[in-house]
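Chain and residue survey
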Amino acid sequence: MADFKAVCMQEVHSENLEKIWPALIAAIDNSEFIALDLELSGLGNRRKLMAFTMEDRYKNLVHIVQTRAVISVGISCFRRMDPTACGPCQQWVPQTFDVSVLCDEEYTVEPGSLKFLTGHGFDFNTQYAKGLPFKRGNDQGNEAPKSIRSLVGRVLSCGRPLVLHNALVDLAFLYGSFYAALPPTLEKFIADLSVIFHTGLYDTKCLAEYHLRLPASYLSYLFRHSQRQNYKEHLAERRNLSLLFVTNPSSHDVSVVKCKLRSAFTAACAGSTEVTPSRTVCRQYAVSTGGKKRSSA
C-alpha cells in the first residue's frame, strides 16, 4: 500500500486494557522505532511558548503541564517485515494504539481544544467514562501494575528511537505526567532527556522546517505531502514504503481512518512524465541566502 489508503488504530481504555496489554507490550518490544502523539486539554497562551529565551519558554511550559492534562496517548510501533529484503520497496508493519487517559487531579480544559478535538472525532464520553486514571508527577506507589504510567515507562525504557511532532511540548507532558515532577531548570530537563532517549529522539516538525524546508509543518500537511511523494516514488520504482497494518479482526475497538489519495492525483501521476531538473540547488543554501520562494504543488 504505497499510498496508505487507510490507517487502523486499536482503541485502548480501562475496559479492554487487560485483554490488549500483551499485544501492547509485544508491539513495543518488537519495534524498531516508536512514534508518540499526545492530545492535550489545552496549551494556554501560545505566545508564552515562544518566549525570547529557551529558559523562559521552559518555565512557561512547566506551568502549562501543571495546569493542563494529557487526555489521550497515541503509540505507533513500527517494525520491518523483512530487514534483509532488497529492492526499492521497504515493507513496514505498524501497530497503532490510541490510549484514552484521565487525570485524577483538577485541570483546565480550553474551549478551543474541545472544539478542535471533537471536530476530529475525539470521543470525550469514552475518555471520561473509561480513560486510564493517572496522577501527575512522581509515582505515588498506588497505581495498578498495568497502567498508563507503566506503559509509558515501557516505551521510555525499551531503548528504541522515539519520533514526535513538536517534541518539546509532548516531552514535557510525558515527563511531568507519567515520569516525575518536571525539573526546575531547562538544563536539568535536557540532561534527563539525553539519558532517557540515548538511542535517538526525532522531531518531525523540526525536520520539516529546518531540513526539508517545507512550506508548512503541521501534521496533516506532512502526512499528505509524504503520502503523495511516496506514491510518486513507487510509480518511478524508486525507494518507497509499504505499510501492512496488523489488527485483531474480532475486536470491536478498532478504528479505521480512510486516507486514500484522490483519484485525480493518482491519475495525473500515472499519466505524467517526470522531468529531472537540469541543476540541483541545496535547499538550505537557497533559504539561508534569500533564494526565491518555492511554489507549492
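Since the model is a prediction, treat every value here as computed from it, not as a measurement.

Criteria and cut-off values
- Residues numbered from 1 in each chain as written.
- Predicted model: local features only at pLDDT ≥ 70, side-chain atom pairs only at ≥ 80, totals over all residues.
- Heavy atoms only, no water.
- Helix = DSSP H or I, 4+ residues; strand = E, 2+ residues; numbered from the N terminus.
- Buried < 20%, exposed > 50% of the residue type's maximum accessible area, 1.4 Å probe, protein only.
- Areas by Shrake-Rupley, 256 points an atom, 1.4 Å probe, with all protein chains shown as cover.
- Axes fitted to C-alpha atoms, helices over the stretch in contact; angles between N-to-C directions.
- Parallel < 35°, antiparallel > 145°, perpendicular 65-115°, else oblique.
- Left-handed = near helix turned anticlockwise from the far one by under 90°.
- Contact = heavy atoms within 4.5 Å.
- Nonpolar A, V, L, I, M, F, W, Y, C, P; charged D, E, K, R; others polar.
- Polar contact = N/O pair within 3.5 Å; in protein donor to acceptor, adjacent residues only side chain to side chain.
- Arc of directions from axis to C-beta.

Moving on, we get to the overall build of the protein. What the protein contains, in helices and strands, is 11 helices and 9 strands. Here the protein holds 297 residues, and 40% of them are scored as buried. Of the roughly 17,500 Å² that the protein leaves accessible, carbon and sulfur atoms contribute 55%.

A word on the packing of helix 2 (residues 54-67) against helix 6 (residues 167-178). The geometry of helix 2 relative to helix 6 is characterised by a closest axis approach of 10 Å and an angle of 50° between their N-to-C directions. With respect to each other, helix 2 and helix 6 are oriented oblique. The chirality of how helix 2 crosses helix 6 is right-handed. Judged by residue contacts, Met54, Leu61, Ile64 and Val65 of helix 2 engage Leu168, Val169, Ala172, Phe173 and Gly176 from helix 6. Along the lines of polarity and charge, the residues of the contact of helix 2 with helix 6 split into 8 nonpolar, 1 polar and no charged.

Among the structural elements, serine 76 can be located in strand 3 (residues 70-80). Residue class for serine 76 comes out buried when judged on its relative accessible area of 15%. In terms of polar contacts, serine 76 uses its side chain to reach the side chain of threonine 96, at 2.9 Å. Serine 76 has contacts with Phe33, Ile34, Ala35, Gln95 and Thr96, leaving out every residue within four places of it along the chain.

Packing of helix 9 (residues 219-235) against helix 10 (residues 263-271) leaves a shortest axis separation of 10 Å and a crossing angle of 35°. Crossing of helix 9 over helix 10 shows right-handed handedness. Here Arg228, Tyr231, Lys232 and Leu235 of helix 9 lie close against helix 10, whose contacting residues are Phe265, Thr266, Cys269 and Ala270.

Looking now at helix 5 (residues 148-157). Every α-helical turn comprises 3.6 residues, leaving residues that sit three or four positions apart pointing alike. Within helix 5, burial applies to Ile148, Arg149, Leu151, Val152, Val155 and Leu156. Viewed along the axis of helix 5, the buried residues span an arc of 165°, placing them on a single side of the element. Looking one or two residues beyond helix 5, the residue adopting positive phi is glycine 159, at roughly 80°.

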